[in-house]
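Coordinate analysis (summary)
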Amino acid sequence: MTTSTNAALVAERQRRMDIAVGTLLLVGVLLSLGLIAAGLLWTDERTGRLWLDYPLAGMNLFQFALATARQAWNGQIGPTWMVSAGLIVLMLTPFLRVVASMLYFLAVLKDAKYTAFTLFVLLVLTWSLFLRS
Amino acid sequence: MLGLHTPPISFEVLFPLSLVAGCIGAMSGMGGGMILIPTLTLLGVDIKQAIAISILSVIATSSGSASAYVRDHITNLKVGMFLEMFTIVGALMGARLTLAASPRPLFITFGVVLMGSWVALLVAGHASWQGDQPQDRFSRWLELEGSYFDRAQQQQIDYHGRRAYWGAPMMYGAGLIAGLLGIGAGAVKVLIHDLVMGLPPKVSTTTSNLIIGVTALAGTSVYLAAGLITPGLAAPVVLGVVVGAFLGTRLLVRLTNQSVRRLFLGVLLVLAVEMIFRGVRGV
């Protein structure tokens, strides 16, 4: 394969990656906003007011996500569950973007330097999401 | 966890206020947090909680706009990934500092940063791009280069990023400000990309947007663990800021640059003075 064909192949992969990352971000934000809006409207329908009052008691994101998943498993889906799920999706969106970027540098570009940089970002972010108060 | 009382502010108040903050933030390019945080504190929300809610909303606005920019193939992912290593560490440190600080220095710091933004907006616009310049060895090793098709100029723009050795520590500082004050600090990041690293304005703006989301997540994680993210406040604010930012970008094309500048300069100055005054008086 010639150098120019290689370059064109990498450029095409890069273009596809840009579209994939852009779509991931867009879907994440829209899904999270949809869940939050639905939760608020559901609250309004149940209580007659658009006000939610529940604390998150200093959980980290993974504890928060686990507690929310457990509620869904037990069939406790209500307005507060919708808002919590929306907030979790919102916070997971940039995290998943970093995961996608790492896979791209590792598997598509086979770029050891940028795989290492992205891995560092991913490790620091993961550590921060496990923080306790 | 910090024992905070969340004032019961109704959706009818929070949503429009956040919408206006998001709208002005998008029109000025400064982000919604600059307006949102002072406004929330005026409604009786603790400044640390206001910062926490604001940085959460930054994730939504930056991810929303980054999604469009990335698909336009202008964002430079390598520049973004390299600089994110520094901004996230800065954001974690900044958020930790906020948790440890008392409210008064936070009010004063916020006011001073607002005042700095006011001066920057008054004296400068985007510095004109100097064109493609020779790269230093470190930036070449980092492969900080790229090209994109500029629709306005109808031509392919090739560029090489420079001075990454200065850009990196400065981006740590930008991340620190973002985590400390709950803002995107996009203006600071764009300035570093433009003036220090020599990136074309479109690349610096779009890449900065990508970095802001991850940086904001790092800060949010600290505030979430501290119990400062309350869904009752967060839900209407996130919705309002995102809808406001969406409207702001559409409104921008209908308004003249001068009217936007004048409006934002006035709002920024009033809020800056008010925040410094409250910090000094200890309110």
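This structure is a prediction, so every number in the text was calculated from the model and none was measured. (Residues numbered from 1 in each chain as written. Chains lettered and ligands numbered in written order. Predicted model: local features only at pLDDT ≥ 70, side-chain atom pairs only at ≥ 80, totals over all residues.)

**Thoughts on the overall build of chain B**
Helix and strand content of chain B: 11 helices and two strands. The secondary structure elements of chain B, listed N-terminal to C-terminal, are α-α-α-α-α-α-β-β-α-α-α-α-α. The proportion of buried residues among the 283 residues of chain B is 57%. Considering only intrachain contacts with a sequence separation of at least 6, the fraction spanning at least 24 residues in chain B is 83%. (Helix = DSSP H or I, 4+ residues; strand = E, 2+ residues; numbered from the N terminus. Buried ≥ 20, exposed ≤ 12 C-beta atoms within 10 Å, placed from the backbone. Contact = placed C-beta atoms within 7 Å.)

**Structural notes on the overall build of chain A**
Each helix and strand in chain A was counted, giving four helices and zero strands. The secondary structure elements of chain A, listed N-terminal to C-terminal, are α-α-α-α. Projected onto its principal axes, the C-alpha coordinates of chain A cover approximately 65 × 30 × 25 Å. Out of the 133 residues belonging to chain A, those deemed buried represent 34%. Contacts in chain A between residues at least 24 apart in sequence constitute 68% of all its contacts with a sequence separation of at least 6.

**Considerations on the packing of helix 3 (residues 79-108) of chain A against helix 4 (residues 112-129) of chain A**
Residue and element names in this part refer to chain A. Viewed as axis vectors pointing N to C, helix 3 and helix 4 meet at an angle of 155 degrees, and their least axial separation amounts to 9 Å. With respect to each other, helix 3 and helix 4 are oriented roughly antiparallel. Relative to helix 4, helix 3 is oriented so that their crossing is left-handed. Counted together, Phe95, Val98, Val99, Ser101, Met102, Phe105 and Leu106 of helix 3 and Tyr114, Thr115, Thr118, Leu119, Val121, Leu122 and Leu125 of helix 4 form the full contact between these two elements. Along the lines of polarity and charge, the residues of the contact of helix 3 with helix 4 split into 11 nonpolar, three polar and no charged. (Axes fitted to C-alpha atoms, helices over the stretch in contact; angles between N-to-C directions. Parallel < 35°, antiparallel > 145°, perpendicular 65-115°, else oblique. Left-handed = near helix turned anticlockwise from the far one by under 90°. Nonpolar A, V, L, I, M, F, W, Y, C, P; charged D, E, K, R; others polar.)

**So, the nonpolar core**
A:Leu125, B:Ile53, B:Tyr223, B:Ile229, B:Ala234 and B:Val238 are the most contacted members of the largest nonpolar core, which has 125 residues in total. Those residues in contact with B:Ala234, other than ones at most four positions away along the chain, are A:Leu87, B:Ile53, B:Leu56 and B:Ile229. (Core = buried A, V, L, I, M, F, W, Y, C linked by C-beta atoms within 7 Å.)

**Concerning the packing of helix 2 (residues 61-73) of chain A against helix 3 of chain A**
All names here are of chain A. Interhelical geometry of helix 2 versus helix 3 gives an angle of 140 degrees and a closest axis separation of 10 Å. Viewed along their axes, helix 2 and helix 3 adopt a mutual orientation that is oblique. The two elements helix 2 and helix 3 cross, and the hand of that crossing is left-handed. Where helix 2 approaches helix 3, its residues Leu61, Phe64, Ala65, Thr68, Gln71 and Ala72 are matched on the opposing element by Trp81, Ser84, Ala85, Ile88 and Met91. Across the contact of helix 2 with helix 3, the residue classes tally to eight nonpolar, three polar and no charged.

**Structural notes on the interface of chain B and chain A**
Facing the 43 residues of chain B at the interface are 47 residues of chain A. Every element with two or more residues in the side of chain B that touches chain A is listed here: helix 3 (47-71), helix 4 (77-100), helix 9 (201-225) and helix 10 (231-252) of chain B.

**Looking at the pairing of strand 1 (residues 145-150) of chain B**
Residue and element names in this part refer to chain B. Two strands pair when backbone bridges link them, and strand 1 and strand 2 (residues 155-160) are joined in this way by six bridges, in the antiparallel orientation. When the bridges of strand 2 are listed, Glu145 appears paired with His160. Following strand 1, the chain reverses through four residues before pairing antiparallel with strand 2; Gln154 in that reversal takes a positive phi of roughly 55 degrees. (Pairing = 2+ DSSP bridges.)

**Examining unusual backbone geometry**
Positive phi values are uncommon outside glycine, yet A:Lys110 reaches one of about 50 degrees. With respect to the helices and strands, A:Lys110 occurs in the loop between helix 3 and helix 4. The backbone of B:Glu143 sits at a positive phi, close to 60 degrees, despite the residue not being glycine. Take B:Glu143: it is sitting in the loop between helix 6 (137-141) and strand 1. With 17 C-beta atoms counted inside 10 Å, the residue B:Glu143 sits in the partly exposed group.

**A look at the confidence of the model for chain A**
Residues with a pLDDT of 70 or more make up 96% of chain A, whose mean pLDDT is 87. Confidence, read as mean pLDDT per element, is least for helix 1 (residues 3-47) of chain A in chain A (85) and greatest for helix 4 of chain A (94). (pLDDT = per-residue confidence, 0-100.)

**Looking at the environment of A:Leu129**
Tracing the backbone through its elements, the reader meets A:Leu129 in helix 4. Given 22 C-beta atoms within 10 Å, A:Leu129 falls into the buried group. For the pair formed by A:Leu129 and A:Trp73, sequence separation is 56 residues and the distance between their alpha carbons is 23 Å. If sequence neighbours within four positions are ignored, A:Leu129 has contacts with A:Asn60, A:Leu61, A:Phe62 and B:Ser221.

**Some remarks on helix 4 of chain B**
Residues and elements named next belong to chain B. Compared with an ideal rise of 1.5 Å per residue, which puts 24 residues at 34 Å, helix 4 spans 34 Å between its outermost C-alpha atoms and is within 8% of the ideal. The largest bend in helix 4 is about 35 degrees, located at Glu84. Extensive coverage of helix 4 is indicated by the burial of 18 of its 24 residues. (Expected span 1.5 Å × (residues − 1). Bend = angle between axes of the 7 residues up to and from the residue.)

**Some details on helix 9 of chain B**
All names here are of chain B. Taking 1.5 Å per residue, 25 residues should reach 36 Å; helix 9 reaches 36 Å between its end C-alpha atoms and fits that length. Where burial is concerned, most of helix 9 is hidden: 23 out of the 25 residues are buried. Just downstream of helix 9 lies Gly227, where phi reads positive at about 80 degrees.

**What to know about the environment of B:Arg278**
Relative to the helices and strands, B:Arg278 is located in helix 11 (residues 257-281). Residues B:Arg278 and B:Arg104 lie 174 residues apart in sequence; the distance between their C-alpha atoms is 7.7 Å.

**Some words on the environment of A:Phe105**
All names here are of chain A. With respect to the element layout, Phe105 can be found in helix 3. Since 22 C-beta atoms lie within 10 Å of it, Phe105 is described here as buried. When sequence neighbours within four positions are dropped, the list of residues in contact with Phe105 reads Asp111, Tyr114, Thr115 and Thr118.

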